[in-house]
Amino acid sequence: MAQIHFPPHTPFNAKSGSWCCYASLSEASQAQVLNGNPGTRVSERQEIRLGLPSKGRMSSDTLELLKNCQLSVKQVNPRQYVAQIPMLSNLEVWFQRPKDIVRKLLSGDLDLGIVGLDTVSEYGQGNEDLIIVHDALEYGDCRLSFAIPQYGIFENINSMEELAKMSQWTEERPLRVATGFTYLGPKFMKDNGLKHVTFSTADGALEAAPAMGIADAILDLVSSGTTLRENNLKEIEGGTVLESQAVLVASRKSMIQRKGVLETTHEMLERLEAHLRAIGQFTVTANMRGSSAEEVAERVLSQPSLSGLQGPTVSPVFCKRDGKVTADYYAIVICVPKKALYKSIQQLRAIGGSGVLISPLTYIFDEETPRWRQLLSELGL
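Predicted model, so just to flag it, every value in this text is computed and none were measured.

Q: Would you mind going over the packing of aromatic side chains with me for this structure?
A: Ring pairs (aromatic) are described by centroid distance and by the angle formed between their planes. Under the counting rule described, the total for this entry stands at two aromatic pairs. Seen from their ring centres, Tyr363 and Phe365 are 5.9 Å apart, and the 35° between their planes marks the pair as tilted.

Spelled out as C-alpha cells, the structure:
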C-alpha cells in the first residue's frame, strides 16, 4: 500500500505555521505511527467498544440517528467520554475525535465506529482490517475536492488534465496545495499526472490560502461550494477525490475474534437498515367496495403508483347487516414514498377507494439485509 514519504529535512514556514512535503510516494508502509500497532490478535478486554464523534454536527446527527433506531446513547455526564446504549448489552460508547476513532479501530482499542468516509480513507490508508459495514448512513454529505482560483493563470483552467499540462510547474516552482489530507492529497495528484507538487497543512479556513499567497490551490471538504465561490475559488472537472458521508466501520479482527462483536454489528446493521429504508415512506390504508379480494387487487394493481413494496395487502372488512356478517368492503394497505403520496391518493379515489388513512413508517425490515450477507462474505463466514 502506497504511503506518503516525508523528506528528512521538511521545510517549515514560520509565518504560516505550516510544513511542506513533496508528493513522492513510497511503497514501504510507515503507517504504524499514525494508526497504532494492530498486532495479530485483539486485546483481552470483554467489553465491546463503539467510537462516536465527540463534537460538532457529525456528533449530534449520529446521536439523533441512533435514537431513531431505538439505540439511544445514555451519558451520565456530558463531560464524560464514555457512555452506554442500554439496548445493546456489554457495549461501551467512547466519544473521540473522528481521526482517533479510525486510529483506535486499527490499534484494537475500539471495535466499531461511526465516522465520515473521508476520515476512514485518510487515516485508514487502505488498511484491510477496516471494513465498511454500512456505507450510506445518509448524513454528513460532502466531497473531498480540489479547487483553484477563478483568476490569474487559472482563469481558463477547468480540468485536472489542463492543470497537469501547465508548463509553470517545475521542480524549482512546484504547484503548492494547502490541505489537511496528507495521504489522499499526494496520492490523488500522482494519479492525475502532477509530479511537481508540494503540500502544506494549515488549521482553519483553507479558502484564504491562495489569496494570501500561501498556496496556489486547496484540497478540502466541500458541501455546497458556496464558501469556495465567495472566496473566488472553483472546482474543476476530475477534481473530486471522493464523495463522503457517515459510515459504520468495524475492525475485521474484532468481528472475528472478540466475543459478541459480530452479533452486535448485526443488530446495529439491521436497525440502521430498517430505519433508513423507512425514511420518506408512508403506509396508506383505504376501504374499497368489491366482489372479491382478487377483483379489488386487480383494480389496485392497474394503477402504477399503488404497487407498494411487493404488492398491495387486501383483506375483507366485515360488517353485520340484517343479522348476517358480510364483507362488502375490502381494506387495501400499501407502502408509498412521500413524493408519490398525493398521486397515489388520487389513484385510489379514482378506483373507488374511500376512508384513506396515512401514517409514516418507522422501520422496514427485510427478510435479511443484503449488507449483512455482504459482510459475512467479506469475513469469509
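Q: I tried to follow the sheet that holds strand E19 (residues 353–360) on my own but got confused; where do I start?
A: Strands in a sheet are paired, the pairing made by backbone hydrogen bonds, and the direction either parallel or antiparallel. Read across the open sheet, the four strands follow the order E17-E18-E16-E19; overall the sheet is antiparallel. What marks the edges here is a single partner per strand, and that holds for strand E17 (313–321) and E19. Across the sheet, the axes of successive neighbouring strands diverge by a mean angle of 25°, strand direction being ignored. As paired strands, E17 and strand E18 (residues 324–337) are joined by eight bridges and run antiparallel to one another. Note that in E18 the partner of Lys320 across the bridge is Val325. Across the sheet, helix H11 (residues 293–301) is in contact with strand E16 (281–289), E17 and E18; its angle to E16 comes to roughly 130°.

Q: Can you help me understand the confidence of the model for the chain in this one?
A: Do not read the fine detail of predicted coordinates wherever pLDDT is low. For the chain, mean pLDDT is 88; residues scoring 70 or higher make up 88% of the total. In the predicted structure, residues 1–38 sits below a pLDDT of 50 and forms 77 contacts with residues beyond four places in sequence or in another chain.

Q: What is the right way to read the side chain of Arg143 from this model?
A: Tracing the chain through its elements places Arg143 in strand E10 (residues 142–149). Classification of Arg143 by relative accessible area gives buried; the value is 19%. The contact partners of Arg143, leaving out residues within four places of it in the chain, are Asp220, Leu221, Val222, Ser223, Ser224, Gly225, Glu235, Thr240, Leu242, Glu243 and Ser244.

Q: Could you clarify how one ought to interpret the sheet that holds strand E6 (residues 82–84) in this entry?
A: Judged by pairing direction, the sheet is mixed, and its six strands sit side by side in the order E6-E7-E5-E8-E15-E9 without closing on themselves. Single-partner strands in this sheet number two, and they are E6 and strand E9 (130–134). Sheet twist, expressed as the average angle between the axes of neighbouring strands with direction ignored, equals 35°. Of the pairings in the sheet, the one linking strand E5 (residues 48–53) to strand E8 (residues 112–116) comprises two bridges and is parallel in character. In the sheet register, Leu50 faces E8, and the bridge partner there is Leu112. Against the sheet, helix H2 (residues 56–68) engages E5, strand E7 (91–96), E8 and strand E15 (246–251), with an angle of about 130° to E5.

Q: Please explain the packing of helix H3 (residues 98–107) against helix H4 (residues 117–124) as it appears in this structure.
A: Any two packed helices are characterised by the angle at which their axes cross and by the distance between the axes. As a packed pair, H3 and H4 sit with axes 9 Å apart at the nearest point and diverge in direction by 50°. Taken together, the axes of H3 and H4 lie oblique to each other. Handedness of the H3/H4 crossing: right-handed. Where H3 abuts H4, its residues Pro98, Lys99, Val102, Arg103 and Leu106 lie against Thr119, Val120, Tyr123 and Gly124. For the contact of H3 with H4, a count of residues per class yields five nonpolar, two polar and two charged.

Parameters at a glance
- Numbering of residues starts from 1 in every chain and runs along the sequence as written.
- Reporting of local features is limited, given that this is a predicted model, to residues whose pLDDT is at least 70; pairs of side-chain atoms are given and counted only at 80 or more, and all residues count toward the totals for whole chains, interfaces and linings.
- Excluded from the side-chain calculations are hydrogens and water; all other atoms, namely the structure's heavy atoms, are used.
- The aromatic pairing rule takes the rings of Phe, Tyr and Trp, using the six-membered ring of Trp, and pairs them if the centres are within 6.5 Å, calling planes under 30 degrees apart stacked, those over 60 edge-to-face and the rest tilted.
- Any two strands between which DSSP finds at least two bridges are classified as paired.
- Here a helix means four or more residues in a row that DSSP labels H or I, a strand means two or more in a row labelled E, and each is numbered from the N terminus.
- Helix axes use the C-alpha atoms of the stretch in contact, all axes being lines fitted to C-alpha atoms, and the angles between their N-to-C directions lie in the range 0 to 180 degrees.
- Any two residues whose heavy atoms approach within 4.5 Å at even a single point are treated as in contact.
- The quantity known as pLDDT measures the predictor's confidence residue by residue, on a range of 0 to 100.
- Think of it in three bands: residues with accessible area under 20% of the maximum for their type are buried, residues over 50% are exposed, and the middle band is partly exposed, with areas taken using a 1.4 Å probe on protein chains only.
- Roughly parallel covers angles under 35 degrees, roughly antiparallel covers those over 145, roughly perpendicular covers 65 to 115, and oblique covers all other angles.
- Left-handed describes a crossing whose near helix is turned anticlockwise from the far helix by less than a right angle; the clockwise case is right-handed.
- Under this grouping Gly is polar, as are all residues other than the nonpolar Ala, Val, Leu, Ile, Met, Phe, Trp, Tyr, Cys and Pro and the charged Asp, Glu, Lys and Arg.

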